[in-house]
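For reference, the chains in residue letters:
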Amino acid sequence: MKLYDYPASANCFKVRLLLALLDRPYERVPVDIFAGESSTAAYLAKNPAGRTPLVELPSGETVAESNAILLYLGEGTRFVPEGLEERARVWAWLFFEQNLFEPNVGTARFWRLTGRDAGRHEEWESRRLAGIGALEALERGLTGREWLVGDAPTVADIALYAYAHVAHEAGIEMAPYGSVAGWLARVQAEPGFVNDLVSYPAGARAGSASGSVHDRAS
Ligand SMILES: N[C@@H](CCC(=O)N[C@@H](CS)C(=O)NCC(=O)O)C(=O)O
């Protein structure tokens, strides 16, 4: 199996984390999204949305969207429950992650770390505030519980971990979120845990040769 991957993307990190926890081998294919490699005709044929991550299976079929990939890879393992009610609750957290968490926490972080917050402070601040709202929801969801669904980690925890563990880089003060802090530590204590999320390279910065024409990441 191949993983088309951008090392600084936390959406890609989700997939690498699950593969590490599963101790599953794969071939990593780096895609330099700031050099246009996610919008070539060859890449768009694999993922019409032109985004990473993407997995290519031995059959040649591809699966896009980080959380769909987590569900696909996690099926039949301890990270995806068997019962329909628990599965549905996992799906709900995955939709929450894509609707409210990543677009706000992830985007506010990306803009801040790459200088894209300059010149649009109000827009950035509204993403950061919405990110705080998403963190408050995550805190409520974890209060009195060790994991988001059931009594063991699922792909929902992996998906939310990806941007929650770097939410401070979006300018969010994390001290109020004690249940989130305990849960982040529990994810990090899972056997096989790795954190190989790297910093955005210089070429991702707004105003750099490639970064200036690219606004879609996180
Ligand atoms: N909803 C998608 C978002 C993927 C996404 O935004 N990927 C970014 C990196 S974090 C990307 O590859 N951007 C390349 C581009 O937009 O050209 C997912 O969860 O996989």
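Residues numbered from 1 in each chain as written. Predicted model: local features only at pLDDT ≥ 70, side-chain atom pairs only at ≥ 80, totals over all residues. Heavy atoms only, no water.

(A) Region of interest: the overall build of the protein. Across its full length, the protein holds seven helices and four strands. Going from the N terminus to the C terminus, the protein shows its helices and strands as β-α-β-α-β-β-α-α-α-α-α. Since a compact globule built from 218 residues should have a radius of gyration of about 17 Å, the 17 Å found for the protein is in line with a globular shape. Each of the three principal axes of the protein carries a C-alpha extent, and together these read 50 × 45 × 25 Å. (Helix = DSSP H or I, 4+ residues; strand = E, 2+ residues; numbered from the N terminus. Rg over C-alpha atoms; globule rule 2.2 N^0.38 Å.)

(B) Expanded view of the site of the ligand. As a matter of local geometry, the ligand sits amid 15 residues, with Arg51, Thr52, Glu65, Ser66 and Gln98 nearest to it. Taking Thr52, its main chain carries an N or O atom lying 2.7 Å from an oxygen atom of the ligand. Residue classes in the shell around the ligand are distributed as three nonpolar, nine polar and three charged. (Near = heavy atom within 4 Å. Polar contact = N/O pair within 3.5 Å; in protein donor to acceptor, adjacent residues only side chain to side chain. Nonpolar A, V, L, I, M, F, W, Y, C, P; charged D, E, K, R; others polar.)

(C) Seen up close, the sheet that holds strand E2 (residues 27-30). Strand order in the open sheet formed by four strands is E2-E1-E3-E4, with mixed pairing between adjacent strands. Among the strands making up the open sheet, the edge pair consists of E2 and strand E4 (62-64). For this sheet, the mean angle separating the axes of adjacent strands, direction not counted, is 20°. The strands touched by helix H1 (residues 10-21) are strand E1 (2-5) and E2; relative to E1, the strand with the most contacts, the crossing angle is about 150°. Of the strands in this sheet, strand E3 (54-56) and E4 touch helix H3 (residues 66-74), which is tilted by about 125° from E4. (Pairing = 2+ DSSP bridges. Axes fitted to C-alpha atoms, helices over the stretch in contact; angles between N-to-C directions. Contact = heavy atoms within 4.5 Å.)

(D) How the structure looks around the packing of aromatic side chains. Scanning the entire structure with this criterion turns up eight aromatic pairs. Pairing Trp93 with Phe96 gives two aromatic rings, centres 5.2 Å apart and planes at 90°, and the pair type is edge-to-face. Placement of the pair is Trp93 and Phe96 together in helix H4 (residues 84-113), with a separation of three residues, close to one helical turn. There is no split in this pair, since Trp93 and Phe96 are both buried. A centroid spacing of 6.2 Å and a plane angle of 55° characterise the contact between Phe96 and Phe101, whose relative ring orientation is tilted. Neither Phe96 nor Phe101 differs from the other in exposure class; each is buried. By way of ring pairs, the aromatic residues Tyr6, Phe34, Phe110 and Tyr200 are connected into one cluster. Against the face of Trp111 rests Arg120, its NZ or CZ located 3.7 Å from the ring centre. (Phe/Tyr/Trp six-rings, centres within 6.5 Å; stacked < 30°, edge-to-face > 60°. Buried < 20%, exposed > 50% of the residue type's maximum accessible area, 1.4 Å probe, protein only. Lys NZ or Arg CZ within 6 Å of the ring centre and 35° of its normal.)

(E) Summary view of the nonpolar core. Counting 66 residues, the largest nonpolar core has Phe101, Leu135, Leu138, Leu148, Val180 and Trp183 as the members making the most contacts within it. Looking at this core, the elements that each hand over two or more residues are E1, H1, E3, H3, H4, helix H5 (121-142), helix H6 (155-164) and helix H7 (178-188). Both domain 1 (2-77 + 196-213) and domain 2 (84-188) contribute no fewer than three residues apiece to this core. The contact partners of Leu148, leaving out residues within four places of it in the chain, are Arg89, Trp93, Leu138, Leu142, Ala156, Asp157, Leu160 and Trp183. (Core = buried A, V, L, I, M, F, W, Y, C linked by side-chain atoms within 4.5 Å. Domains from an automatic or database assignment.)

(F) Main features of H6. When you tally the buried positions in H6, you get 10 out of 10 residues, the bulk of the element. Regarding H6, the residues found buried are Val155, Ala156, Asp157, Ile158, Ala159, Leu160, Tyr161, Ala162, Tyr163 and Ala164. Lining the buried residues of H6 we find H1, H3, H4, H5 and H7.

(G) Highlighting the packing of H6 against H7. Taken N-terminus to C-terminus, the directions of H6 and H7 make an angle of 110°; their axes are 11 Å apart at the nearest point. It follows from the interaxial angle that H6 and H7 lie roughly perpendicular. Crossing hand, H6 versus H7: left-handed. Contacts between H6 and H7 involve Asp157, Leu160, Tyr161 and Ala164 from the former and Trp183, Leu184, Val187 and Gln188 from the latter. Broken down by class, the residue content of the contact of H6 with H7 amounts to six nonpolar, one polar and one charged. (Parallel < 35°, antiparallel > 145°, perpendicular 65-115°, else oblique. Left-handed = near helix turned anticlockwise from the far one by under 90°.)

(H) Molecular detail of the domain arrangement of the protein. Each domain of the protein was delimited in the assignment, giving domain 1 (2-77 + 196-213) and domain 2 (84-188). Computed over C-alpha atoms, the centres of domain 1 and domain 2 are 20 Å apart. Taking both sides of the interface into account, the surface hidden between domain 1 and domain 2 amounts to around 1,800 Å²; carbon and sulfur atoms contribute 62%. Looking at the side of domain 1 facing domain 2, the largest losses of area belong to Lys14, Asn67 and Tyr200, adding up to 28% of the total buried there. Our enumeration of links across domain 1 and domain 2 arrives at two salt bridges. In this structure, the salt-bridge partner of Arg87 is Glu75, at a minimum N-O distance of 2.9 Å. In this assembly, domain 1 and domain 2 are joined by nine residue pairs in polar contact (both at pLDDT 80 or more). Listing elements by their share of the side of domain 1 that touches domain 2, those giving two or more residues are H1 and H3. A class-by-class count of the residues in the side of domain 1 that touches domain 2 yields 12 nonpolar, four polar and four charged. (Buried area = accessible area lost by both parts, 1.4 Å probe. Salt bridge = Lys/Arg side-chain N within 4 Å of Asp/Glu carboxyl O.)

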